[in-house]
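# Breakdown of the fold
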Amino acid sequence: MKKILILILFIVLLNITYAAEFTIKETPIKTIVFPGQSVIFDIEINNKQTIQDQIKAVVIDASWRKQAGTEIYNINPGQSITNKLTLFPLGFLKPGVYAINLRFVSTLNPDIFLDKQLIATIVDYKDAIESNLETNPQGIDPRKDNLVRINLKSRYNIDLENINIHIENSLFSKDITTNLKGLEIKSEEFIISLDPNVLQGDYDTKLLINYNDKVLVDKIESLKISSYSDIKEGKTTAFNYLIKDTIITITNDGNALSEEIYSLTLSSFEKLFTKFNPEPNNIEKIPQGYKYTWQFNLQPGQDYKIIVTSNYRTHLILLIILILIIYLFYKYFATELYMYKRALVLKTKEGGIAGVKILLHVKNSGPSIKNLHIVDEIPHSLEIPHEYITLKPSSIKK
């Protein structure tokens, strides 16, 4: 047992002694790559021997191979040489960290060799960069030009050339081509112009970033369209034979729902002749007359019409008819006959009563009266009149 241990120890010490004949130093050049790409190292070999030697690099890893190139390094005693070493994976290797096993061996003495592990990292395309869209925090105002910024951050030391950025939603689409260096942080900006009538809200926006036909980013972000109010009022008036039609139009030229209240004040006289379509929601008596109020909601681009009709024609016709009826009634049925009676006492010189003078006064202020009969009664104590100054009675009865 002791002999076996001594033999193993001798072999290990022999390898250490041989390994000390030269040293290997690697410098990573391109060690973080995407699946299927090659890794590159600068390899410095220092020959500590007193003789010239030829060192050969042999890959002893089943998953990697060395790219064809310098197979053997000729190194003078006490000298060093630096050369690039390119390794490529066999087949598809999943993202992760890999230790690639190599053996550097002397071609003059195979017992002189040095084993080395070179570290390589394979990253997923979809983990390569971070990205997001940035706009005004208050939202995009569709009435004016707006700046949109896409922020990019490289997570690894991998240069990305000619990456294509595609941004699209129901309002616009944009394509940008740019370069992104390893570990670089940068932004790309562009201006968008939208239809002013675009509705407010959050719009799903597709962000797609490709590199060499590989998808780096494929996600949905939200762009906010801000709301604005733009309520306009229009009024048109038409006259037609004592009928006045006024059309009041309230239009929502904004991009958000608007809750509106519209008021109209009429005098008590105007109220008599005015009708509305639609009818107001509320009528209030105020010192100036009557206040009419409508309440309604307006969607973007929608209008609300109030038709105010002041109809003087109908009332005027009714008034004319009424006057005509009164006139006709007055003309054919009404009378304005006035009559009064006066008695005058006639005295003698001695102061006694000589007689009585009766005066009947008849006046017609209305239309003509035919067959008018006037009857006057005289007390029995008086004599029948024997003298008439104007008209004599048609008949006298006791």
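Residues numbered from 1 in each chain as written. Predicted model: local features only at pLDDT ≥ 70, side-chain atom pairs only at ≥ 80, totals over all residues. Heavy atoms only, no water.

Attention now moves to the overall build of the protein chain. Helices and strands together make up the secondary structure of the protein chain, namely three helices and 25 strands. Looking at the 398 residues of the protein chain, the share that counts as buried comes to 29%. Long-range contacts, defined here as pairs at least 24 residues apart, represent 61% of the contacts in the protein chain between residues at least 6 apart. For the protein chain, the exposed area adds up to about 26700 Å²; of that, 53% sits on carbon and sulfur atoms. (Helix = DSSP H or I, 4+ residues; strand = E, 2+ residues; numbered from the N terminus. Buried < 20%, exposed > 50% of the residue type's maximum accessible area, 1.4 Å probe, protein only. Contact = heavy atoms within 4.5 Å. Areas by Shrake-Rupley, 256 points an atom, 1.4 Å probe, with all protein chains shown as cover.)

Once that is clear, we can look at the nonpolar core. Formed by 30 residues in total, the largest nonpolar core has its most connected members in Ile129, Leu160, Ile209 and Leu216. Listing elements by their share of this core, those giving two or more residues are strand S10 (129–134), strand S11 (146–154), strand S12 (160–168), strand S13 (173–180), strand S14 (185–192), strand S15 (201–211) and strand S16 (214–225). Beyond its immediate stretch of four places on either side in the chain, Ile209 contacts Ile129, Ser131, Ile150, Leu152, Ile163, Asn164, Ile165, Lys214, Val215, Leu216 and Val217. Judged by nonpolar contacts, the second largest core, of 23 residues, contains Phe41, Ala57, Val59 and Leu93. (Core = buried A, V, L, I, M, F, W, Y, C linked by side-chain atoms within 4.5 Å.)

In this structure, Glu188 sits in strand S14. Take Glu188: its relative accessible area is 18%, and that puts it in the buried class. There is a polar contact of 3.4 Å between the side chain of Glu188 and the side chain of Lys186. Ignoring sequence-local partners within four residues, the contact set of Glu188 consists of Val148, Arg149, Ile150, Ile176 and Thr178. (Polar contact = N/O pair within 3.5 Å; in protein donor to acceptor, adjacent residues only side chain to side chain.)

Let us now look at the sheet that holds strand S4 (residues 53–59). Ordered in space as S2-S9-S8-S4-S6, the five strands form an open sheet in which the pairing is mixed. Here the strands that pair on one side only, and so sit at the sheet edges, are strand S2 (32–33) and strand S6 (72–75). (Pairing = 2+ DSSP bridges.)

Scanning all chains against the criterion turns up eleven salt bridges. For Glu26, the salt bridge goes to Lys116, with nearest N and O atoms at 3.5 Å. Placement of the pair is Glu26 in strand S1 (residues 22–30) and Lys116 in strand S9 (residues 113–122), with a sequence separation of 90 residues. Classification of Lys116 as partly exposed rests on a relative accessible area of 23%. Notably, a salt bridge pairs Glu221 with Lys219, separated by 3.1 Å at the nearest N-O pair. (Salt bridge = Lys/Arg side-chain N within 4 Å of Asp/Glu carboxyl O.)

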